[in-house]
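What follows is the residue order along each chain.
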Amino acid sequence: MEEFQHSYRRLCKESGAEPQETVLQQLQELPRGRLDLATQSLTVETCRALGKLLQKEALLTELILSDCMLSEEGATLLLQGLCANTVVRFLDLKGNNLQAAGAEALGQLLRQNKSIQSLTLEWNNLGPWEDAFAAFCGALAGNGALRQLDLRNNQISHKGAEELALALTRNAHLQQLDLRWNSIGLLGGRALVNCLPRNRTLWRLELAGNNVPGDILRAVEQAMDHNQERQTTSRENRARTHVLSKEVQHLQEEKSRQFLDLMETIDKQRKEMARSSRASAACVGQLQEALNERHSIINALKAKLQMAEAALALSEQKAQGLGELLAMAEQEQRSLAQRQAKERRLEQQEAAERESKLLRDLSAANEKHLLLRNQVDELERKVRSQQEQLFLARQELTNTAAELKIRAVQAEERLELEKKRSRQSLEDVEQLRAKEVEHMTRHLEESERAMQERVQRLEASRLSLEEELSRVKAAALSERGQAEEELIKAKNQVRLEEQQRLAHLEEKLRLLAQARDEAQSACLQQRQTVADAQARASQLSLQVEGLRRRLEELQQELSNKDQEKVAEVTRVRVELREQNGRLQAELTAQEALKEKVAALERQLKVMASDHREALLDRESENASLREKLRLKEAEIARIREEEAQRASFLQNAVLAYVQGSPLRALSPQK
């Protein structure tokens, strides 16, 4: 962040302006990825420098500029710099009194920037400028990155609400919109309700403090609940598809491993057959060589017979010997054929024994499959019992929600009674003040007629006014203390009841979570048993290597059984996930109740602030009355001094007349 600070100083020097010390201090203490300039009054030069820096800054993800007293020019310079930024995710412009130029700059930002996901515009003045706000809404309709928008206290009228409704019909990415404390009214509320069926992504829309009827607010809440349920179901479906894809991939890997094992066994058989064929070929080659040798001998004998007719006896003897040799060779061939037949019979017997063993193993596997099916039935019974427990918990939650609603209605009735009491006390105080003003005017008229009587009456009225003011102050303070005590008692009672309810519900949720964990452990055990059965089936398939057709039939049966088991286990998982979704929905309902209680507390705070303002007004009126009394007392003192001067003048005149001196010499100097 030192590089950011140096570049800020350099840009300020280039523009001929001094860098702000407060901004430099914030840049020194800057946490990573977050720039907080809240409550810092930023000049136009600072905004220009920050706008140029934000065009190329790649580390800041949060920019907070709330209550910075930005001018229109400064705000446009900052927003123009953010148009080219691709990193900032959170932007806070609360309390900067943005008007027409600011709305147009925000529209340009939403059209060009594709990274900002949260935009806070609370306590600005965007609503009265209809054309600029329409341009802002048009840019919002085409933005695909913004997820959260805060437009509280922006004086948005029903026309602005209609522009927002048109933007929401085309925007399929905004999820949260806060429009509290504006002037939307009935027409704006209807426009927003009519646009909600075409928007399926917005799941939070706040319209409190807009003079919107209750039926429209309920329709908005229903639409938001529907969108929220749709999003939860979509997330669950994505999670389910992800899990199913993983399971399918796992099954494919297992099948591929089994296929590879089968191919290895087939290759081994082929190698053994090739080895046996090579051995038999070698034997046949040896026999063929022996036959070839004997044929050569016979040919040689024939040649000798042709060449030497004289040696017929010898040749006949040799021919007999050769015949004997041929007989012996034939006997050897026959013995070899018998041996091969015996070996083939032994191999057939071994194959029959292997087949009988495989049949016995298959019967044992079927028995284990029946046992597993019984265990799955027991799991289904446990799941049904858990569903009954969840139904009871849902009933208890509905009862608690009804009780909370009744208590909220009672709290509202108490608040209305307190409002009526405060109004009555204010009216009484105003009547007393009017009577006091009339009494003062009457006394002032009588004081003009007779000075001495006026002084006495004014003193008496002053004393009475002070006593009445002290009584009014004491009564107002006592009423305020009683109202605050009652508010504190009501808040404490509501908080205690909520804490007790929440503790009870958390205990139930913990028990349900334990039951869910037990069911999941049982499912894992079943999966382990299924995996063991699959491993044994693979071992059996490895043993059945010679008989291909029989092996394929057995593998088909085992795969069907595995698919049935996996389908049953997935069905149990789906039911458990549905139960978890229902529990999450109940938790969201509890959060909604908490938000309602918080709204009631905010209303109580607003009433307390109004009461305090009324008391301050009374105190200001009392101060004005005191100032008037002080002025009247000063006037009375001046009149007394004038009367004393006149009396002294008359006394001097009388004395001068008695002594016979002229009046001019004894008259006082003016």
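By convention here, each chain's residues receive numbers from 1 onward along its written sequence. Restriction of local features to residues with pLDDT of at least 70 applies here, the model being predicted, together with a cutoff of 80 or more for giving and counting side-chain atom pairs; totals for whole chains, interfaces and linings are based on all residues. As a rule here, side-chain values cover all heavy atoms of the structure and leave hydrogens and water aside.

S.K.: Describe a positive patch on the surface, with residues and values.
M.R.: Patch membership needs two things, relative accessible area over 30% and no salt bridge, and members are linked within 9 Å if like-charged or within 5 Å if nonpolar (Val, Leu, Ile, Met, Phe, Trp, Tyr). For the accessible areas, the method is Shrake-Rupley and the probe is 1.4 Å, while residue cover comes only from the protein chains on display. Whenever a carboxyl oxygen of Asp or Glu lies within 4 Å of a side-chain nitrogen of Lys or Arg, that contact is scored as a salt bridge. We score Asp and Glu as negative and Lys and Arg as positive, and we do not count His or the chain ends. The atoms used to mark charge sites are NZ of Lys, CZ of Arg, CG of Asp and CD of Glu. A grouping of K268, K271, R275 and R278 is seen on the molecular surface, where their side chains present a positively charged patch. Within the secondary structure, R278 sits in helix α9 (residues 214–307). Numbering of helices and strands starts at the N terminus; helices are DSSP runs of H or I of at least 4 residues and strands are runs of E of at least 2.

S.K.: Lay out the environment of S422 in plain terms, naming residues and giving numbers.
M.R.: For S422, the position within the fold is in helix α10 (residues 312–449). S422 gets classed as partly exposed once you look at its relative accessible area, which sits at 23%. Using a 1.4 Å probe on the protein chains alone, a residue whose accessible area is under 20% of its type maximum counts as buried, one over 50% counts as exposed, and one in between counts as partly exposed.

S.K.: Got a sec to walk through the nonpolar core? Specific residues and values, please.
M.R.: In globular proteins that are soluble, nonpolar side chains generally tend to be buried together. For our purposes a nonpolar core is just a set of buried Ala, Val, Leu, Ile, Met, Phe, Trp, Tyr and Cys residues, chained together by side-chain atoms within 4.5 Å. Core analysis: the largest hydrophobic core is formed by 70 residues, its most contacted members being L121, L149, L151 and L179. When residues no more than four places from it in sequence are discounted, the contact partners of L149 are L119, L121, F136, L140, L174, Q176, L177 and D178. A contact between two residues is defined here by any heavy atoms of the two lying within 4.5 Å.

S.K.: An account of the side chain of N622 is requested, with residue identities and associated values reported.
M.R.: On the secondary structure map, N622 appears in helix α12 (residues 548–659). In contact with N622, other than residues within four places in its own chain, are L469 and K473.

S.K.: An account of the pattern of salt bridges is requested, with residue identities and associated values reported.
M.R.: A complete count under the given rule lists 17 salt bridges for this structure. With a shortest N-O distance of 3.7 Å, R34 and D36 are connected by a salt bridge. On the basis of relative accessible area, D36 is assigned to the partly exposed category, the value being 27%. For E122, the salt bridge goes to R152, with nearest N and O atoms at 2.8 Å.

S.K.: Help me get a handle on a negative patch on the surface, residues and values and all.
M.R.: Taken together, the side chains of E343, E347, E350 and E353 make up a negatively charged region of the molecular surface. Taking the relative accessible area as the measure of exposure, E350 reaches 45% and is therefore partly exposed.

S.K.: Give me the sheet that holds strand β2 (residues 62–64): which residues, what numbers.
M.R.: Strands are treated as partners if at least two bridges between them are detected by DSSP. The strand order across the open sheet built from 7 strands is β1-β2-β3-β4-β5-β6-β7, with neighbouring strands paired in parallel fashion. Of all strands in the sheet, those bounded by a partner on one side alone are β1 (34–36) and β7 (204–206). Across the sheet, the mean angle from the axis of one strand to that of its neighbour is 0°, orientation sign disregarded. Relative to strand β4 (residues 118–120), strand β3 (residues 90–92) runs parallel, the two sharing 3 bridges. Across the sheet, the residue bridging to F90 is S118, located in β4. Only C-alpha atoms enter the line fits that serve as axes; for helices the fit covers just the stretch in contact. Angles between N-to-C directions range over 0 to 180 degrees.

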